[in-house]
Amino acid sequence: IREAEFVVQSLQLVRGGSEPALQSRELQKVLPLLINNRGLSEDDAARLRDAYRFMRRLENFIQAIRDRQTHDLPADEADRARLCLAMNYPDWASLGDAIEIHRGVISSQFEHIAFREGGDDTPLQEQVEQAWKTGADKAIWIALLEQHEVAHAAQVASTLVDFSNDTATRQIDSSSLERLQRFVPLLIAEVVKSDRPLRAITRTLSIVERILRRSAYLALLNENRGALARLVDLCARSHYIADQIARYPALLDELLDPRLYSGAVTRADLSAELSKRLAGENDSESCMQVLGQFQRATMFRIAVADFNGQLPIMKVSDGLTWLAETVLEEALRVAWRDLAERHGTPKYRINDVKREAGFGIIAYGKLGGLELSYGSDLDIVFLHNSAGTKQTTDGDKPLDNSLFFSRLVRRLVHFLTTQTGSGQLYEIDTRLRPDGRRGLLVTSTDAFERYQEDNAWTWEHQALLRARAVAGSAAVADEFERIRRETLIGRVRRDTLRDDVITMRQRMRKELDRSSDEVFDLKHGRGGIGDIEFLVQYLVLDQAQVKPDVIFYSDNIRQLDALTAEGCLDQATGNALQDAYRDYRLRQHHLVLDDQPPLVPVDEFAEQRAFVVKTWDDWLG
């Protein structure tokens with residue numbers, strides 16, 4: 001409200017005049033007299049009037065609820081419901097969206113009036129409007145941008161001119177053109193504030209190219225300067241986020257959502273939200289479409305909170321891990337329902353007792369270790385517990401259980417990996433199953449246990465350290481956990497463990513390390529993430545027989561906690577390894593998000609790298 005009044009009062013001072021209305025303090029009487037080429041357009045005046053009326057009405061109802069002189073939106077659910085009823089909105093989310101739209105209108109006018117720039121007293125926005133409408137050439141854009149001290153002015157100017165002259169830009173309809181003419185000056189006003197203006201404008205315009213023919217998105221950004229500012233800032237800092245919005249423009253709606261995650265999320269939070277979205281959806285295609293939209297929007301919200309510094313790296317990984325688990329659980333539910341409706345539920349008999357067979361998804365790698373990142377593959381293994389006799393489904397068209405589970409896995413993988421309008425959910429990697437690519441796609445728990453006892457290599461026991469059940473049958477999850485525990489405690493070849501770990505690490509470094517005299521490979525370089533992971537895996541496997549509590553957790557950080565708690569590592573060493581691991585992962589994380597390889601200058605992390613090398617040499621050198 002105060003910003004709207006400021007806009008009008010500022011323009012009153014510019015206009016002066018003797019008309020009584022111009023001296024009035026009533027905004028709605030003054031606005032029509034401020035419509036001119038140095039004040040407000042007719043369209044801007046109408047929007048500002050509507051926004052002001054909305055805000056005044058909202059303020060009156062807020063104060064009427066408790067008859068108090070307050071301007072704060074209520075936190076109490078009942079008061080929120082009263083306010084929605086008074087304002088004639090169906091729910092709090094709808095009212096919140098309307099508030100944001102009207103705030104954007106007022107904020108846009110306020111910034112235009114309050115923060116005018118330019119040496120000739122012409123605001124930057126007006127200069128850009130004129131240059132854009134007249135089709136200014138590159139030289140004019142360079143001069144304008146340099147006047148406002150924009151870095152890389154020549155490249156930014158080239159980007160603008162190329163976009164202006166592009167065939168797709170020239171062929172848009174009149175409505176889209178009008179919105180674009182309003183948008184470009186607002187965009188430039190945000191770009192000049194960025195410390196990476198070239199990245200900001202290049203990536204933002206790549207998004208605009210995708211939405212030119214769906215110009216409602218341009219209207220959204222025109223009316224919500226806060227959303228536009230967040231978009232430009234995120235584009236400047238993250239190739240990943242810019243690419244996601246360019247591929248899926250519907251994510252622009254998320255920039256308006258006040259629920260953008262500002263703190264850690266839990267699997268319960270995600271399951272509850274997905275259940276809401278799926279309410280009323282019955283067929284598989286609709287369910288998977290909703291699931292794709294949910295996954296994309298949730299990953300985007302986590303990324304925004306991440307880049308705003310509101311989530312530490314471990315909480316980011318937790319959120320992405322729990323999102324993947326939620327998606328796996330729902331995709332499995334849909335795939336199971338489809339097959340069970342056709343063939344019945346898989347059953348088996350032991351000691352003449354009929355039982356229902358269960359199916360479970362076991363996560364390895366980053367998913368198993370709660371270290372998932374954006375774009376990570378899911379390393380998963382599929383298990384079932386069917387055994388005994390009469391292993392068939394109980395429907396009208398019965399199937400052998402092994403065939404049922406094989407079809408279930410194929411359908412599940414299809415759901416997860418097929419490209420749809422919402423994109424692919426995840427890349428799936430099943431090579432960690434028994435016998436790798438040569439093995440069955442889905443394995444019984446009995447066969448899985450025999451493999452771990454008789455055939456598994458040391459590297460497979462290392463992988464098992466980071467494995468856990470994430471979806472499906474609780475009975476299968478319990479059986480897997482028993483097999484994991486008994487394997488890590490009693491089936492590891494400890495006589496060759498040290499040599500096996502060293503040999504595998506040397507082989508990986510030889511094949512994958514991109515370190516040089518100038519750069520350090522955070523993942524595979526000596527003293528990097530890989531060395532910490534292998535060292536921890538060696539220590540846990542070496543000590544598991546005498547100190548079984550060290551295998552309880554599947555993530556690297558808590559395994560280090562367990563090693564120090566059991567006296568396998570001194571506290572100072574454990575803490576230093578954890579700090580180095582977190583710092584490396586955070587740096588790698590941000591590089592990947594900006595589409596950069598995980599390489600840093602060789603002197604970065606020099607002290608931590610030296611400590612990791614020394615610790616490795618103390619144990620495995």
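Note that the structure is predicted; figures quoted are calculated from it, not measured. (Residues numbered from 1 in each chain as written. Predicted model: local features only at pLDDT ≥ 70, side-chain atom pairs only at ≥ 80, totals over all residues. Heavy atoms only, no water.)

*Asks:* So what's going on with the overall build of the protein? Which residues, and what values?
*Replies:* A tally of helices and strands in the protein yields 28 helices and 10 strands. Nonlocal contacts in the protein, meaning residues at least 24 apart in sequence, comprise 70% of its contacts between residues at least 6 apart. Computed over 80 positive and 96 negative side-chain charges, the separation of the two mean positions in the protein equals 3 Å. (Helix = DSSP H or I, 4+ residues; strand = E, 2+ residues; numbered from the N terminus. Contact = heavy atoms within 4.5 Å. Lys, Arg positive; Asp, Glu negative; His and termini not counted. Charge placed at Lys NZ, Arg CZ, Asp CG, Glu CD.)

*Asks:* Go over the packing of helix α12 (residues 197-211) against helix α14 (residues 225-237) with me, naming the residues and quoting the values.
*Replies:* In contact at an axis separation of 8 Å, α12 and α14 are set at 115° when each is read in the N-to-C sense. With respect to each other, α12 and α14 are oriented roughly perpendicular. Where α12 crosses over α14, the handedness of that crossing is right-handed. Of α14, the residues touching α12 (which contributes Arg199, Ala200, Arg203, Thr204 and Ile207) are Leu231, Val232, Cys235, Ala236 and Arg237. Residues of the contact of α12 with α14, tallied by class, amount to six nonpolar, one polar and three charged. (Axes fitted to C-alpha atoms, helices over the stretch in contact; angles between N-to-C directions. Parallel < 35°, antiparallel > 145°, perpendicular 65-115°, else oblique. Left-handed = near helix turned anticlockwise from the far one by under 90°. Nonpolar A, V, L, I, M, F, W, Y, C, P; charged D, E, K, R; others polar.)

*Asks:* For the packing of aromatic side chains, give the residues involved together with the corresponding values.
*Replies:* Describing an aromatic ring pair means giving the distance of the ring centres and the angle of the ring planes. Tallying each qualifying case throughout the model produces 12 aromatic pairs. Both rings, one in Phe448 and one in Phe480, keep their centres 5.9 Å apart while their planes meet at 50°; by these two values the pair is tilted. Placement of Phe448 in helix α21 (residues 445-454) and of Phe480 in helix α23 (residues 474-490) is noted, with a sequence separation of 32 residues between them. The class for Phe448 is buried, based on a relative accessible area of 1%. Relative to Tyr584, the ring of Phe520 has its centre 5.9 Å away and its plane inclined at 70°; by these criteria the two rings are edge-to-face. (Phe/Tyr/Trp six-rings, centres within 6.5 Å; stacked < 30°, edge-to-face > 60°. Buried < 20%, exposed > 50% of the residue type's maximum accessible area, 1.4 Å probe, protein only.)

*Asks:* Which residues make up the side chain of Thr159, and what values do they have?
*Replies:* Structurally, Thr159 is set in helix α9 (residues 153-165). For Thr159, a relative accessible area of 18% gives the class buried.

*Asks:* Give a description of the packing of helix α22 (residues 458-465) against α23 that names residues and reports values.
*Replies:* Where α22 contacts α23, the two axes come as close as 10 Å, and the packing angle between them is 130°. Taken together, the axes of α22 and α23 lie oblique to each other. Two packed elements cross with a definite hand, and for α22 against α23 that hand is left-handed. Residues His461, Leu464 and Leu465 of α22 form the contact with α23, whose own contacting residues are Phe480, Arg484, Thr487 and Leu488. The residue inventory of the contact of α22 with α23, partitioned by class, reads four nonpolar, two polar and one charged.

*Asks:* Give me the lowdown on the sheet that holds strand β5 (residues 389-393), citing residues and values where you can.
*Replies:* Pairing is antiparallel across the open sheet formed by three strands, whose spatial order is β2-β1-β5. In this open sheet, the two edge strands, each paired with only one partner strand, are β2 (353-356) and β5. Ignoring strand direction, the axes of neighbouring strands in this sheet form an average angle of 20°. Bridge analysis of strand β1 (residues 346-350) against β5 gives three bridges, and the strand direction is antiparallel. (Pairing = 2+ DSSP bridges.)

*Asks:* Describe a positive patch on the surface, with residues and values.
*Replies:* Together, Arg342, Lys397, Arg407 and Arg410 make up a positively charged patch on the protein surface. Taking the relative accessible area as the measure of exposure, Arg407 reaches 32% and is therefore partly exposed. (Patch = residues over 30% accessible without salt bridge, like charges linked within 9 Å, V, L, I, M, F, W, Y side chains within 5 Å. Areas by Shrake-Rupley, 256 points an atom, 1.4 Å probe, with all protein chains shown as cover. Salt bridge = Lys/Arg side-chain N within 4 Å of Asp/Glu carboxyl O.)

*Asks:* Tell me about the nonpolar core, and name the residues and values.
*Replies:* Counting 106 residues, the largest nonpolar core has Trp141, Leu180 and Ile361 as its most contacted members. Considering every element that reaches this core, the biggest residue donor is helix α17 (residues 284-307), with 13 residues. Every residue in contact with Leu180, bar those within four places of it in the chain, is listed here: Trp132, Phe163, Thr169, Ile172, Val208, Leu212 and Leu218. Grouped together as the second largest cluster of nonpolar side chains are 49 residues, Ala463, Leu497, Ala544 and Ile557 included. (Core = buried A, V, L, I, M, F, W, Y, C linked by side-chain atoms within 4.5 Å.)

*Asks:* Talk me through the confidence of the model for the protein; I want residue IDs and the actual numbers.
*Replies:* Of the residues in the protein, 92% have a pLDDT of 70 or more, and the chain-wide mean is 88. Low pLDDT (under 50) marks residues 13-25, which in the prediction has 20 contacts with non-local residues, meaning those over four places away or in another chain. (pLDDT = per-residue confidence, 0-100.)

*Asks:* Let's hear about the environment of Ala98: which residues, and what values?
*Replies:* Position of Ala98 among the secondary structure elements: in helix α6 (residues 92-114). Spatially, the C-alpha atoms of Ala98 and Phe54 are 9.2 Å apart, while their sequence positions differ by 44 residues. Other than its neighbours up to four places away in sequence, Ala98 contacts Phe54 and Tyr89.

*Asks:* Explain the environment of Ile142 to me, using residue names and the numbers behind them.
*Replies:* With respect to the helices, strands and loops of the structure, Ile142 is situated in helix α8 (residues 138-147). Judged by relative accessible area, which is 18%, Ile142 ranks as buried. Between the C-alpha atom of Ile142 and that of Leu522, which follows or precedes it by 380 residues, the distance is 39 Å. Beyond its immediate stretch of four places on either side in the chain, Ile142 contacts Ala153, Ala154 and Ala157.

*Asks:* I'd like a rundown of helix α20 (residues 401-417), residues and numbers included.
*Replies:* Taking 1.5 Å as the rise per residue, α20 with 17 residues should run 24 Å; its terminal C-alpha atoms sit 24 Å apart, in good agreement. For α20, the set of buried residues is Asn401, Phe404, Phe405, Leu408, Val409, Leu412, Phe415 and Leu416. The arc enclosing the buried residues of α20, seen along the axis, measures out at 135°, which places them on a common side. (Expected span 1.5 Å × (residues − 1). Arc of directions from axis to C-beta.)

*Asks:* So what about the pairing of strand β3 (residues 359-363)? Which residues, and what values?
*Replies:* Within β3, five of the five residues are buried, which leaves it mostly tucked inside the rest of the structure. In β3, alternate side chains face the same way, and those of Phe359, Ile361 and Ala363 on one face and Gly360 and Ile362 on the other are all buried. Note that β3 and strand β4 (residues 378-384) share five bridges and pair antiparallel. Each bridged residue has a counterpart across the sheet, and for Ala363 the counterpart in β4 is Ile380.

*Asks:* Break down helix α18 (residues 313-343) for me, citing the residues and quoting the values.
*Replies:* For α18, with 31 residues, the first-to-last C-alpha span of 45 Å sits near the 45 Å given by 1.5 Å per residue. Counting buried residues along α18, 22 of its 31 residues qualify, which places the element largely inside the surrounding structure. Count one or two residues on from α18 and you reach Gly344, which has phi positive near 90°.

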